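Fold and contact review
Chain by chain, the residues:
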Amino acid sequence: MHPPHRLEIRGLTKRFGPVAAVTDATFAVEPGRVTGFLGPNGSGKTTTLRMLLGLVRPDAGDARIGGRAYRDLPDPARTVGAALEAKGLHPARTGRDHLRVYAAFIGCPDSRIDEVLALTGIADAAHRRAGGYSTGMRQRLNLATALLGDPPVLVLDEPTNGLDPAGIAWLRGLLRDLAAEGRTVLVASHVLSEAERLVDDVAVMHRGRIAATGPLADFTRQGALEDAFLDLTGATA
Ligand SMILES: Nc1ncnc2c1ncn2[C@@H]1O[C@H](COP(=O)(O)OP(=O)(O)OP(=O)(O)O)[C@@H](O)[C@H]1O
């Protein structure tokens, strides 16, 4: 396994025209933990992740992965496994073929394909065309793709979308195992009740700003994470 990689987000700021999508976001994500990046729709989570992954250029600030900007990583695809959204699947291609194409792209052996299919519970569907996959299966295939390079860092945007309760319980176990191996796991979600069951640490984003960070237990002492979030943001349910 690679050495542990800490993520540092420092003063990230991004506007899209009149929209201040992210303003001065600063937080760290520790290896060996599952960190929830939480906030309502449109609060700036995806834009922050896209800046972390070098997909959007920040107006100010920077993001480091194990001390380096994404663009300076010697082997980015094997350092960071990212599943931003379950789009871009060619409907006529099988699950296995999707993984084969990406495995060739990042230079990992085909044997790894069977490993990630088993890890994500879609081995039985691997020969089926992705166009016929349910949302939950597409989510699993997306996760399998992120895991192909056996990366020390995982960045997942809304990974519970489309998963049923058993699927969410399964995902919790998988993310815990990956973190226990020393990986850094960052999970963006707007569904606080689900995130609460997945994560060790929390970074809360509200209207483009980081409203709070810390261990989950600090937020749930008084009750549900959702109540702590409503208190923090002054929002009403
Ligand atoms: N490419 C873009 N062009 C213009 N506005 C954008 C663009 N990307 C994001 N925004 C705007 O920036 C704000 C933050 O969006 P972002 O997708 O980062 O939020 P989010 O927290 O990930 O939301 P969700 O939970 O819905 O995915 C929103 O107002 C969004 O409309």
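Residues numbered from 1 in each chain as written. Predicted model: local features only at pLDDT ≥ 70, side-chain atom pairs only at ≥ 80, totals over all residues. Heavy atoms only, no water.

For the coordinates displayed, the defined rule picks out 2 aromatic pairs. Relative to F37, the ring of F27 lies with its centre 5.0 Å away and its plane at 35°, an arrangement referred to as tilted. In this pair, F27 is assigned in strand β2 (residues 19–29) and F37 in strand β3 (residues 34–38), connecting sequence segments 10 residues apart. Given a relative accessible area of 7%, F27 falls into the buried group. (Phe/Tyr/Trp six-rings, centres within 6.5 Å; stacked < 30°, edge-to-face > 60°. Helix = DSSP H or I, 4+ residues; strand = E, 2+ residues; numbered from the N terminus. Buried < 20%, exposed > 50% of the residue type's maximum accessible area, 1.4 Å probe, protein only.)

Taken together, the residues surrounding the ligand are F16, V19, A21, P40, N41, G42, S43, G44, K45, T46, T47 and E158. Taking N41, its side chain carries an N or O atom lying 3.0 Å from an oxygen atom of the ligand. Contact between the ligand and G44: an oxygen atom at 2.9 Å from a main-chain N or O atom of the residue. For the ligand, whose free accessible area comes to 630 Å², the fraction covered by protein is 59%. Of all elements in the fold, only β2 and α1 (45–52) reach the threshold of two or more residues within the shell around the ligand. For the shell around the ligand, the element with the most residues is α1, which contributes 3 residues. (Near = heavy atom within 4 Å. Polar contact = N/O pair within 3.5 Å; in protein donor to acceptor, adjacent residues only side chain to side chain. Areas by Shrake-Rupley, 256 points an atom, 1.4 Å probe, with all protein chains shown as cover.)

Attention shifts here to the sheet that holds strand β5 (residues 80–83). As summarised here, the arrangement of the 6 strands in space is β5-β6-β7-β3-β8-β9, forming an open sheet in which the pairing is mixed. Two strands in the sheet have a free side with no partner beyond their single neighbour: β5 and β9 (209–215). Taking each pair of neighbouring strands and ignoring which way they run, the sheet shows an average axis angle of 15°. Pairing analysis gives 4 bridges linking β3 to strand β8 (residues 201–206), with the strands arranged parallel. (Pairing = 2+ DSSP bridges. Axes fitted to C-alpha atoms, helices over the stretch in contact; angles between N-to-C directions.)

For D24, which is not glycine, the phi torsion reads 50° and is therefore positive. Within the secondary structure, D24 is located in strand β2. Judged by its relative accessible area of 49%, D24 falls in the partly exposed class. Phi angles above zero are rare outside glycine, and R207 is one such case at about 50°. Mapped onto the secondary structure, R207 falls in the loop between β8 and β9. Judged by relative accessible area, R207 falls into the exposed class, the value being 69%.

The subject of this paragraph is helix α6 (residues 165–180). Between the first and last C-alpha of α6 there are 23 Å, a value that for 16 residues agrees with the 22 Å anticipated at 1.5 Å per step. Burial in α6 covers these residues: G167, I168, L171, L174, L175, L178 and A179. Considered in projection along α6, the buried side chains sweep an arc of 130° and stay on one side of the axis. Across from the buried face of α6, at angles greater than 90 degrees, the exposed residues are P165, A166 and A180. Those residues of α6 that are buried are in contact with β3, α4 (111–119), α5 (135–147), β6 (153–157), β7 (184–189) and α7 (192–195). Residue G182 follows α6 closely and has a positive phi angle near 100°. (Expected span 1.5 Å × (residues − 1). Arc of directions from axis to C-beta. Contact = heavy atoms within 4.5 Å.)

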